[in-house]
Amino acid sequence: MRRRRQESRWIHRWSRWMVAGIASVGALGTAFLTINKLTGGGGACPTEGCERVFASPYATIFGLPLTLFGFLAYATMFTLALAPLVINPDQNKVLRQKLEAWTWPLMFMVASSMVVFSAYLMTLLAFEIQAFCPYCVSSALFALAMFGIVLFGNRWDDLGQLAFIGFIVGIVTLTSTLAIYAPIRAGGGGSRPATVAAGQPGPPVTTASGPAEIALANHLNDIGATFYGAWWCPHCHDQKQLFGAEAATIFTYVECAEDGQNPQTALCRSKPEITGFPSWEINGEFYAGTQSLTRLAEISGYTGPMNFQR
């Protein structure tokens, strides 16, 4: 009996620090992924499956990266966990006790919401996107770990009330998640083709083309420039976004993914110069990575209008 009480006191004493530690790691990871996505950086994803996940429409909510909302959730857990600990109990014991009382239920609600949302994302990962993403799995494990620590790391007075709160939070989270992703699932999710033979189309280009973008695209088409990419590659999508929807259909695009639309995998493999996506072949030279339109104009000898919108 004495040993059980000592273990209980240990988890209660360190639970907030444990939650803060996990939340800090999660916040740093999601902050890195968010900055990488917003700045169009590369090298964030270690696997093809990871690239496919971040290129899917499920990775964006309200026009913002899903990782941004993950960062906010982790930052909230970090703040709630440490809030009472920064108060000196010798100087303001009452305030610390109030923060202890208020932050535990809030941490439980946030952790419950994160677990439900992570469970839904894991379901999408396994059955809809059908890809393995180490970041996503790690985040789900972080959420589950924080939920367990919050649940067992505090002396809850009313477990029945706690269960009721968790049930309500879970229902609200699941309902909201289904509502947010309903338009994506209705449109096929951007990951499953409407017709299997058609192949994966990838996310649609949502930006508009200006006269300069169209002129550059026509020039690239005239000189036989080729854009090699894969439907799941987020940087390939970023490259098309720079051109806009109309211009992106003008120049030659070669789909290198076997499950993409009209794939030319053999052609891509016959080009040893292609070491990643996107890759441009212009006048016999290869250029890897997302290129600015100004850079494409320079290396292709384009002399038309240069007032590109992006």
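Just so it is clear, the structure is predicted and the values come from calculations on it, not from any experiment.

Digging into the nonpolar core
Consideration 1: Of all hydrophobic cores here, the largest spans 26 residues; its most connected members are L216, L220, F243, W280, I282 and L296.
Consideration 2: Looking at this core, the elements that each hand over two or more residues are α7 (211–222), α8 (234–243), β5 (279–282) and α10 (293–300).
Consideration 3: Element by element, the count of residues in this core is highest for α7, at 5 residues.
Consideration 4: Apart from the residues lying within four places of it in its own chain, the contact partners of L296 are L216, Q239, F243, W280, I282 and Q291.
Consideration 5: Within the second largest apolar cluster, 22 residues are counted, among which are Y74, L80, F108 and V150.

Section: the sheet that holds strand β3 (residues 226–229)
Consideration 1: Taken together, the 4 strands give an open sheet; going across it, the order is β4-β3-β5-β6, and neighbouring strands pair in mixed fashion. Two strands bound the open sheet, and with one partner strand each, they are β4 (252–255) and β6 (285–288). Taking the axes of each pair of neighbouring strands and ignoring which way they run, one obtains an average angle of 20 degrees across the sheet.
Consideration 2: Both β5 and β6 contribute to a ladder of 4 bridges, which runs antiparallel. Across the sheet, residue E281 finds its bridge partner in β6, namely F286.
Consideration 3: On the sheet, α8 packs against β3, β4 and β5 and is oriented at approximately 140 degrees with respect to β3.

Thoughts on the packing of aromatic side chains
Consideration 1: What the rule picks out here adds up to 15 aromatic pairs.
Consideration 2: Look at Y58 and Y181: their rings are 5.2 Å apart centre to centre, the planes differ by 75 degrees, and that puts the pair in the edge-to-face class. Of this pair, Y58 sits in the loop between α2 (48–55) and β1 (60–61) while Y181 sits in helix α6 (residues 159–186), and the two are 123 residues apart along the sequence. Exposure class is identical for Y58 and Y181. Each is buried.
Consideration 3: A network of ring pairs unites the aromatic residues F227, F243, F251, Y253 and W280 as a single cluster.
Consideration 4: Taking the ring centre of Y253 as reference, the NZ or CZ of K240 above it sits at 3.9 Å.

Looking at the packing of helix α3 (residues 66–82) against helix α4 (residues 93–129)
Consideration 1: Between α3 and α4, whose axes approach to 9 Å, the crossing angle comes to 155 degrees. Accordingly, the angle class assigned to the pair α3 and α4 is roughly antiparallel. In the crossing of α3 with α4, the sense of the turn from one axis to the other is left-handed. Along the contact surface, α3 presents L66, A73, Y74, T76, M77, L80 and A81, while α4 presents T103, L106, M107, V110, A111, M114, F117 and L121.
Consideration 2: Residues belonging to the contact of α3 with α4 are distributed by class as follows: 13 nonpolar, 2 polar and no charged.

Parameters at a glance
- Residues numbered from 1 in each chain as written.
- Predicted model: local features only at pLDDT ≥ 70, side-chain atom pairs only at ≥ 80, totals over all residues.
- Heavy atoms only, no water.
- Core = buried A, V, L, I, M, F, W, Y, C linked by side-chain atoms within 4.5 Å.
- Buried < 20%, exposed > 50% of the residue type's maximum accessible area, 1.4 Å probe, protein only.
- Helix = DSSP H or I, 4+ residues; strand = E, 2+ residues; numbered from the N terminus.
- Contact = heavy atoms within 4.5 Å.
- Pairing = 2+ DSSP bridges.
- Axes fitted to C-alpha atoms, helices over the stretch in contact; angles between N-to-C directions.
- Phe/Tyr/Trp six-rings, centres within 6.5 Å; stacked < 30°, edge-to-face > 60°.
- Lys NZ or Arg CZ within 6 Å of the ring centre and 35° of its normal.
- Parallel < 35°, antiparallel > 145°, perpendicular 65-115°, else oblique.
- Left-handed = near helix turned anticlockwise from the far one by under 90°.
- Nonpolar A, V, L, I, M, F, W, Y, C, P; charged D, E, K, R; others polar.

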